[in-house]
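An overview of the molecular structure
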Amino acid sequence: MDLPDNAIEIIGLVKTYPATKTTPQMHALKGVDLAIPRGSIFGLLGPNGAGKSTMINIMAGLCKKTSGTVRIWGRDIDTRARDARAAIGVVPQEIAADPFFTPRESLEVQAGMYGVPPSERRTDELLAALGLADKGDAYVRQLSGGMKRRLMVAKAMTHNPPVLILDEPTAGVDVELRRQLWSYVLELNRRGVTIVLTTHYLEEAEELCDHIAIINRGEVAVCEPTATLLRRLDTRNVVVTPEEPVTEAPALEGFETKLRPGGAFSVTYRTGQSSVEQVLAALRASGLHIRDIATEDPDLEDVFLSLTYAAPQAEPA
Ligand code: ADP
Ligand code: MG
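To keep things clear, this report deals only with the structure shown in the data block. On a predicted model such as this, the values are computed, not experimentally measured, just so you know.

Close to ligand 1 lie Tyr17, Met26, Ala28, Pro47, Asn48, Gly49, Ala50, Gly51, Lys52, Ser53 and Thr54. A distance of 3.3 Å separates a nitrogen atom of ligand 1 from a polar atom in the side chain of Tyr17. Residue Lys52 places a main-chain N or O atom 2.8 Å away from an oxygen atom belonging to ligand 1. Burial of ligand 1 by the surrounding chains reaches 63%, relative to a free accessible area of 560 Å². Among the secondary structure elements, those contributing two or more residues to the shell around ligand 1 are β2 (26–37) and α1 (52–59). In terms of residue count, α1 provides more of the shell around ligand 1 than any other element does, three residues in total.

Put into structure tokens, the structure is as follows:
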């Protein structure tokens, strides 16, 4: 059988949550196009509320899209819903472990739901792979948060899908367990499983993913190989605290400036184009008296700014 080039293809995906008595109508996805290459570890990066979970829940068949096309492993989720669902395992953002099952029972029930015959079940293998071998017969309510999350990963893999999707997998997971989780995920990827994960931590996406899509307010701001993206993310901030607090960020020739709390301001520069030295020179030339200066690495907000306002801002008239 031919394998698809893309594990997942999303074309013009729109999701509008209708208004309720207490909330206005919400445009969670505004026409998203995305191709996730087979075999990749793909990061969906974006701040809270960007639309990541909505996108994943649509792929998982847990949320109904408003319009657009989604193909999983070449299978349209509208016309081949069952086949599409069989091709992915999803670890949702919210942990929803059944407190009355043991992990072993939980995995068996899940495998049964996907029609995996008992001879092909991998319950013990999955428990071991996720560091739960000695918890197989404990009650789920006795497991720590990290263990529950790993159980969710095991559940998502019971039917051996070629695509594994993890929504915010490291929320509430401590460092040690995180490492275990990643080593399992990387091992799956080495065996050919396409991995999609969402996170709002740039660092996490940077470390794990070979491709990153940045999504913001229901739109894909950028989607490219991690190395290409990082080359573009060369913005740095210098935070300046003047002797006299300012109420407006001063204009500095060649740099973007922004007001900070407490009468301070930031100066943004690109490491590829200028240096801290040049920022300092521009500050000196401006005649400001400076009390303190600190440098900052970019956070997600700066990343969006640098990607969405890549062109220098127009000179004031
Ligand atoms: P993310 O996972 O990136 O944090 P979500 O997909 O959860 O983002 O949310 C995207 C937007 O859609 C947010 O503004 C959120 O409040 C809204 N939203 C999410 N789920 C629902 C829902 N069930 N009903 C109404 N609005 C929702
Ligand atoms: Mg989410």
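That was the structure; now back to the text.
What follows deals with the coordination of the magnesium ion (ligand 2). Around the magnesium ion (ligand 2), the donor atoms from the protein are Ser53 (OG) and Gln93 (OE1), and they sit 2.0 to 2.1 Å away. With Ser53 in helix α1 and Gln93 in the loop between β6 (88–91) and α3 (103–113), this pair connects stretches of sequence that are 40 residues apart. With a relative accessible area of 31%, Gln93 lands in the partly exposed category.

Turning our attention to the pattern of salt bridges. This model, assessed by the stated rule, comprises twelve salt bridges. Of the charged contacts, one joins Glu9 and Arg71 as a salt bridge, the two residues approaching to 3.0 Å between their closest N and O atoms. On the criterion of sequence distance, the pair formed by Glu9 in strand β1 (residues 6–17) and Arg71 in strand β4 (residues 67–72) is long-range, its members being 62 residues apart. Judged by its relative accessible area of 24%, Glu9 is partly exposed. Note that Asp78 is salt-bridged to Lys65, the shortest N-O span being 2.7 Å. Taken together, the residues span a long stretch of sequence, with Asp78 in the loop between β5 (75–76) and α2 (81–86) and Lys65 in the loop between α1 and β4 at a distance of 13 residues.

What follows concerns the packing of α3 against helix α5 (residues 145–156). Any two packed helices are characterised by the angle at which their axes cross and by the distance between the axes. For the pair α3 and α5, interaxial distance at closest approach is 9 Å and the crossing angle is 30°. Relative to α5, the element α3 is oriented roughly parallel. Crossing angle aside, the handedness with which α3 passes α5 is right-handed. Facing α3, whose interface residues are Pro103, Ser106, Leu107 and Gln110, α5 presents Leu151, Ala154 and Lys155. Of the residues contributing to the contact of α3 with α5, the split by class is four nonpolar, two polar and one charged.

Before going further, it helps to examine the nonpolar core. In terms of nonpolar packing, the biggest core is built from 36 residues, with Val153, Leu164, Leu166, Ile195 and Leu197 touching the most fellow members. Looking at this core, the elements that each hand over two or more residues are β3 (41–45), α4 (123–129), α5, β7 (163–167), α6 (175–190), β8 (194–199), α7 (202–208) and β9 (211–216). Two domains each donate at least three residues to this core, and these are domain 1 (1–87 + 161–176 + 187–229 + 300–317) and domain 2 (99–157). Discounting residues that sit within four places of it in the chain, Leu197 has contacts with Ile41, Phe42, Gly43, Leu44, Leu166, Pro169, Trp182, Leu208 and Cys209.

Turning to unusual backbone geometry, a few remarks are in order. In this structure, Glu168 takes a positive phi of about 50° despite not being glycine. Here Glu168 lies in the loop between β7 and α6. Glu168 sits in the buried class, given a relative accessible area of 7%. A positive phi angle, near 50°, is found at Arg217, a position not held by glycine. Since its relative accessible area comes to 61%, Arg217 is described here as exposed.

Conventions adopted
- Residues numbered from 1 in each chain as written.
- Chains lettered and ligands numbered in written order.
- Predicted model: local features only at pLDDT ≥ 70, side-chain atom pairs only at ≥ 80, totals over all residues.
- Heavy atoms only, no water.
- Near = heavy atom within 4 Å.
- Polar contact = N/O pair within 3.5 Å; in protein donor to acceptor, adjacent residues only side chain to side chain.
- Areas by Shrake-Rupley, 256 points an atom, 1.4 Å probe, with all protein chains shown as cover.
- Helix = DSSP H or I, 4+ residues; strand = E, 2+ residues; numbered from the N terminus.
- Donors = N, O, S within 2.8 Å, 3.2 Å for Na, K, Ca; no water.
- Buried < 20%, exposed > 50% of the residue type's maximum accessible area, 1.4 Å probe, protein only.
- Salt bridge = Lys/Arg side-chain N within 4 Å of Asp/Glu carboxyl O.
- Axes fitted to C-alpha atoms, helices over the stretch in contact; angles between N-to-C directions.
- Parallel < 35°, antiparallel > 145°, perpendicular 65-115°, else oblique.
- Left-handed = near helix turned anticlockwise from the far one by under 90°.
- Contact = heavy atoms within 4.5 Å.
- Nonpolar A, V, L, I, M, F, W, Y, C, P; charged D, E, K, R; others polar.
- Core = buried A, V, L, I, M, F, W, Y, C linked by side-chain atoms within 4.5 Å.
- Domains from an automatic or database assignment.

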